[in-house]
Amino acid sequence: MEGIPNQGFKGLIQNWKSDMIAAVSVALIALPLSLGIALAAGAPAMAGIFSAVVGGVVTTLYRGGHVSVNGPAKGVIGVILLGIVLMDDGSGQAFNYVLAAIVVSGALQTLLGIFKLGQIADIFHPSVIQGLLAAIGIIIFAKQIHVALGTHSESSSIIDNLVDAVLMLPHANPFVVLISLLGLLMIVFSKRITNRFFHFLPVPIWVIALSIPLVYLFNFFEPHEIPLLGNSFSVGPHLLLDIPNSIWDSIMHPNFGKVDTLEFWSIVFSMLLITSIEHLAIAKAVDKIDPYKRKTDLNKDLTGIGISTMVAGMIGGLPIISVIIRSSVNIHNGAKTKWSNLYQGLLLLLFIVVLSPVMRQVPLCAFAILLVNTGFKLASPAVFKQVYNQGIEQLVFFVATMVLTLYTNLLVGLLGGSLLVLITHILLAKVPVLQFFNLVYKSRTKLIRLPEGGYNLKIRGVANFLCILKIDKLVAQIPAGTDVNIDLSEARLVDMSYMDYLVEYLMKQRATGGNVFISGLDDHISSTTFNRALKFKITSSAIRLTNRQKRLRNLATERGYLFSSQINWNTTYLKKFHFFEIRSIERKINCLNGTFEDKDVSWEIADITFNEGKAFTAETFNTTAMVLKLNKTLPLFTLEKERTYEKLFDRVIAFTGYRDFEFEMYANFSKKFVVLGNDEAALRNLFTEDIIRFFEEHQISHIESNGEALLVFNKLKLARTDETIEFIEYGVKLANLFNA
């Protein structure tokens with residue numbers, strides 16, 4: 001990889017071309033989404049544009065990040081909607097009062113950064129934050145579904161809004177629904193469209209562009225009625241985006257007249273907490289996908305978005321954070337420095353000035369369907385399933401926070417969910433309340449330097465979200481690249497948020513060359529196999545194996561293999577395979593090792609836990625995979641089932657530069673599989689007729705060569721014992737073929 005790009009003005013001069021190209025793509029995405037977020041929040045449409053422009057121009061001048069993109073925060077849509085309702089005194093100044101709250105929130109956020117409190121987000125439980133995001137998703141969905149249907153709900157209750165959407169469905173405006181349905185189909189099926197020209201523009205732009213011809217077809221520019229099936233439906237300019245002719249006409253200023261009210265400060269602190277947590281989480285996620293592995297200065301970044309939020313609030317904009325979708329697009333399009341964020345802000349300003357006549361022809365329902373999709377993804381069944389897989393107690397925290405937020409507000413939901421987590425921890429620790437807090441704050445956790453140069457981090461007492469800041473101070477004393485053993489044997493309870501922190505530290509330290517081992521959890525139990533699940537200690541010291549582990553142990557005993565049920569945090573070798581190169585591997589467990597002695601081939605079959613996605617959208621997968629070391633040189637390649645390739649492997653292809661090779665003489669094989677690599681001659685020499693026929697008869701999801709070994713897995717799930725035996729037999733046949 002080339003060297004890390006220069007920063008400052010030197011970086012601007014050297015990388016302006018790549019940063020500008022990336023900024024064009026980001027600005028095209030930001031234009032419709034920024035307008036949509038503002039509309040969803042009940043604010044003027046230009047409020048979203050002001051935030052995106054300020055987030056690009058002002059934040060770039062003082063920030064701790066490198067390639068993240070700043071813009072309006074969709075997480076505070078619910079807060080702004082609530083603020084407009086709570087502070088509406090009939091004077092027409094409701095949104096101006098909210099702008100004042102935005103300015104004060106930005107000022108407090110700036111102070112958090114100045115006083116180096118960037119780690120404050122770590123003390124909030126991840127399941128509670130997920131519950132808040134799900135509630136925000138439902139709020140967005142409940143409000144925008146009416147815009148997408150051409151209906152209207154008078155209720156201020158989110159639940160009533162959802163009920164009204166169902167009850168009013170027979171009265172939906174079919175001409176609005178047609179535009180929304182077209183946009184939804186575009187969103188859902190966009191990934192299946194292979195035309196390169198289509199993918200030149202982002203999907204939101206296509207949704208907007210395809211809605212405009214229908215606006216002309218039904219003549220939304222003049223108020224009139226259109227008869228259909230014996231009914232008459234109203235269409236007109238009220239269904240179109242309203243943007244003032246001049247940007248100056250859109251500027252609004254804050255009104256601090258409510259600064260002495262409880263409602264004002266509840267909105268301030270709700271904004272402060274939500275934007276700080278969301279921003280810091282996304283900043284960490286962006287660091288993980290930065291190809292140069294640079295780290296964000298979280299305190300400086302928090303100060304930067306605080307200043308930007310103040311500026312945005314002063315001119316009529318929304319709170320600002322780092323935005324994960326735009327940041328991902330920025331990176332994938334080749335951005336190298338922070339200046340790409342500046343360019344996208346300026347380009348967005350140029351677009352809105354030049355394209356404002358076109359944007360006035362866009363129906364509101366086109367923006368609404370984009371947000372309906374966003375809201376659904378935040379609270380989809382897949383999110384519930386993901387949380388449930390982390391433990392039944394996490395689902396309880398998640399649902400309780402979500403429901404509490406929907407029936408009250410985000411601040412009450414956050415505090416109430418956190419209190420429920422705390423009460424649950426006290427009950428599981430089985431100690432009196434006073435002793436519980438002694439175990440949290442006076443736990444005798446200590447860092448010990450070992451004579452050979454490594455460190456032993458001995459964690460005692462209760463290890464939960466309240467201890468994150470304390471443990472952060474301890475690990476800050478450990479030099480980069482140093483070996484560390486984290487011993488949890490004397491921890492009475494280990495919370496998921498604490499495990500999140502430890503695993504993140506493990507990956508960070510491993511990236512600098514140090515080995516980190518997490519031990520002492522053999523006497524702890526949890527409600528799920530999820531490796532970061534909440535764990536609490538039981539009195540028995542015997543190691544308890546699951547039925548599956550017992551069967552694997554018996555298999556190893558019968559056949560002379562080695563078996564370990566313990567967690568193995570050393571997954572360095574797996575990173576040599578392209579599949580895992582851009583995915584975060586957490587651990588191996590249930591490792592079965594053996595050799596095919598007559599072939600000089602060694603193998604390992606293990607359960608591997610890895611993450612796909614970023615920030616709050618990250619999904620954890622568990623799969624059983626085989627690594628087959630052939631002790632011979634192989635060309636680099638990947639063989640993937642077509643179906644798996646479409647769903648999971650496209651990001652790896654973009655990353656590696658591999659291309660697809662067709663085997664014309666074996667049409668059935670080419671139809672079932674994608675073969676990718678960068679040395680066509682070597683691959684065609686390797687894939688003999690015998691190997692091709694073998695793969696046709698023994699279909700498997702993924703096989704990959706790193707030049708000396710093969711990575712093989714079939715499905716993204718754990719293998720049964722009989723499937724493990726089949727894996728071994730498959731490995732024998734594969735070794736015979738490749739050694740022939």
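Being a predicted model, the structure only gives us computed values, none of them experimental.

### Topic: the overall build of the chain
Link 1 in the chain: The helix and strand tally for the chain stands at 26 helices and 19 strands.
Link 2 in the chain: Rg of the C-alpha trace for the chain: 28 Å, near the compact-globule value of 27 Å for 740 residues, within the 12% margin.
Link 3 in the chain: Projecting the C-alpha coordinates of the chain onto the three principal axes gives extents of approximately 85 × 75 × 60 Å.
Link 4 in the chain: Considering only residue pairs separated by 6 or more positions, the chain has 73% of its internal contacts joining residues 24 or more positions apart.
Link 5 in the chain: For the chain, the exposed surface amounts to about 32200 Å²; the carbon and sulfur share of it is 61%.
Link 6 in the chain: Averaging the coordinates of the 65 positive side-chain charges in the chain and doing the same for the 59 negative ones gives two points 5 Å apart.

### Comments concerning the pairing of strand E8 (residues 516-519)
Link 1 in the chain: Side chains of E8 alternate between two faces, with Val-516 and Ile-518 buried and Phe-517 and Ser-519 left unburied.
Link 2 in the chain: Bridge count between strand E7 (residues 484-494) and E8: 4 bridges; the pairing is parallel. Across the sheet, Asp-487 pairs through a bridge with Ser-519, a residue of E8.
Link 3 in the chain: The β-α-β motif built from E7, the intervening helix H19 (residues 496-511) and the parallel element E8 has right-handed crossover chirality.

### Overview of the pattern of salt bridges
Once the charged atoms of two side chains with opposite charge are near each other, the side chains can pair.
Link 1 in the chain: In total, this model carries 15 salt bridges according to the counting rule given.
Link 2 in the chain: We note a salt bridge from Arg-460 to Glu-490, for which the minimum N-O separation is 3.0 Å. Of this pair, Arg-460 sits in strand E6 (residues 455-463) while Glu-490 sits in strand E7, placing them 30 residues apart in sequence.
Link 3 in the chain: For Glu-490, a relative accessible area of 37% corresponds to the partly exposed category.

### Structural notes on the packing of helix H15 (residues 392-407) against helix H16 (residues 410-429)
Link 1 in the chain: Packing of H15 against H16 leaves a shortest axis separation of 8 Å and a crossing angle of 150°. Taken together, the axes of H15 and H16 lie roughly antiparallel to each other. Seen along the crossing, H15 lies across H16 with a hand that is right-handed. Contacts between H15 and H16 involve Val-396, Phe-397, Ala-400, Thr-401, Leu-404 and Thr-405 from the former and Leu-410, Val-412, Gly-413, Gly-416, Gly-417, Leu-420, Val-421 and Thr-424 from the latter.
Link 2 in the chain: In the contact of H15 with H16, the residues fall into 8 nonpolar, 6 polar and no charged.

### Some words on the confidence of the model for the chain
Low-pLDDT stretches of the model should not have their predicted coordinates read in fine detail.
Link 1 in the chain: Confidence along the chain averages 87 in pLDDT terms, with 95% of residues attaining 70 or more.
Link 2 in the chain: Within the chain, helix H4 (residues 94-114) carries the highest mean pLDDT (96), whereas helix H22 (residues 642-656) carries the lowest (45).
Link 3 in the chain: In the model, residues 644-656 has pLDDT below 50 throughout and makes 26 contacts with residues more than four positions away in sequence or in other chains.

### Quick notes on the packing of aromatic side chains
Link 1 in the chain: For the structure shown, the criterion picks out 22 aromatic pairs.
Link 2 in the chain: Ring plane angle 65° and centroid distance 5.2 Å describe the contact between Phe-579 and Phe-713, whose orientation is recorded as edge-to-face. Here Phe-579, found in helix H21 (residues 578-581), pairs with Phe-713, found in strand E19 (residues 709-713); they are 134 residues apart in sequence, far enough to count as distant. Neither residue differs from the other here; Phe-579 and Phe-713 are each classed as buried.
Link 3 in the chain: Taken together through their ring pairs, the aromatic side chains of Phe-637, Phe-687, Phe-694, Phe-695, Tyr-730 and Phe-738 make up a single cluster.

### Things to note about a nonpolar patch on the surface
Link 1 in the chain: A contiguous nonpolar patch, built from Leu-349, Leu-350, Val-353, Val-354, Leu-355 and Val-358 and spanning about 460 Å² of accessible area, is present on the exposed surface.
Link 2 in the chain: Residue placement: Leu-349 occurs in helix H12 (residues 339-359).

### Structural notes on the side chain of Asp-287
Link 1 in the chain: Its place among the elements puts Asp-287 in helix H9 (residues 262-289).
Link 2 in the chain: Within the buried core, Asp-287 has no salt-bridge partner, and the shortest N-O distance to an opposite charge, that of Lys-295, equals 5.2 Å.
Link 3 in the chain: If near-sequence neighbours (up to four positions away) are discounted, Asp-287 is found in contact with Arg-294, Lys-295 and Thr-296.

### Details of H15
Think of an α-helix as 3.6 residues a turn; residues three or four steps apart then line up on the same face.
Link 1 in the chain: With 16 residues, H15 ought to run about 22 Å at 1.5 Å a step, and its terminal C-alpha atoms sit 23 Å apart, in line with that.
Link 2 in the chain: Residues of H15 that are buried include every one of Glu-393, Gln-394, Leu-395, Phe-397, Phe-398, Thr-401, Met-402, Thr-405 and Leu-406, and no others.
Link 3 in the chain: Its buried side turned inward, H15 meets helix H5 (126-149), helix H6 (158-167), helix H14 (381-389), H16 and H19.

### A short note on the pairing of strand E13 (residues 601-612)
Link 1 in the chain: In terms of burial, E13 is a largely internal element, 11 of the 12 residues being buried.
Link 2 in the chain: Hairpin connection, strand E12 (residues 584-596) to E13: the antiparallel pair is bridged by 4 residues, and Asp-600 has positive phi, about 55°.
Link 3 in the chain: As defined by bridge partners, E13 adjoins strand E14 (residues 619-629) across 11 bridges and the pair is classed as antiparallel. Looking at E14, one finds that Trp-603 is bridged to Leu-628.

### Regarding unusual backbone geometry
Link 1 in the chain: If you check the backbone angles, Asn-219 has positive phi at about 55° while not being a glycine.
Link 2 in the chain: By the element assignment, Asn-219 lies in the loop between helix H8 (203-218) and strand E2 (224-228).
Link 3 in the chain: For Asn-219, a relative accessible area of 30% gives the class partly exposed.
Link 4 in the chain: Of note in this structure, Asn-631 is not a glycine but carries a positive phi near 55°.
Link 5 in the chain: Note that Asn-631 resides in the loop between E14 and strand E15 (637-641).

### A look at the packing of H9 against helix H11 (residues 324-332)
Relative placement of two packed helices is described by the angle separating their axes and the distance separating the axes.
Link 1 in the chain: Contact geometry of H9 with H11 gives a least axis separation of 10 Å together with a crossing angle of 20°. Accordingly, the angle class assigned to the pair H9 and H11 is roughly parallel. In this structure, the crossing between H9 and H11 has a hand that is right-handed. Here Ile-282, Ala-285, Val-286 and Ile-289 of H9 lie close against H11, whose contacting residues are Ile-324, Ser-327, Ser-328 and Ile-331.
Link 2 in the chain: Class assignment for the residues of the contact of H9 with H11 results in 6 nonpolar, 2 polar and no charged.

Cut-offs used in this document
Residues numbered from 1 in each chain as written. Predicted model: local features only at pLDDT ≥ 70, side-chain atom pairs only at ≥ 80, totals over all residues. Heavy atoms only, no water. Helix = DSSP H or I, 4+ residues; strand = E, 2+ residues; numbered from the N terminus. Rg over C-alpha atoms; globule rule 2.2 N^0.38 Å. Contact = heavy atoms within 4.5 Å. Areas by Shrake-Rupley, 256 points an atom, 1.4 Å probe, with all protein chains shown as cover. Lys, Arg positive; Asp, Glu negative; His and termini not counted. Charge placed at Lys NZ, Arg CZ, Asp CG, Glu CD. Buried < 20%, exposed > 50% of the residue type's maximum accessible area, 1.4 Å probe, protein only. Pairing = 2+ DSSP bridges. Right-handed = clockwise from strand over helix to strand, strands pointing away. Salt bridge = Lys/Arg side-chain N within 4 Å of Asp/Glu carboxyl O. Axes fitted to C-alpha atoms, helices over the stretch in contact; angles between N-to-C directions. Parallel < 35°, antiparallel > 145°, perpendicular 65-115°, else oblique. Left-handed = near helix turned anticlockwise from the far one by under 90°. Nonpolar A, V, L, I, M, F, W, Y, C, P; charged D, E, K, R; others polar. pLDDT = per-residue confidence, 0-100. Phe/Tyr/Trp six-rings, centres within 6.5 Å; stacked < 30°, edge-to-face > 60°. Patch = residues over 30% accessible without salt bridge, like charges linked within 9 Å, V, L, I, M, F, W, Y side chains within 5 Å. Expected span 1.5 Å × (residues − 1).

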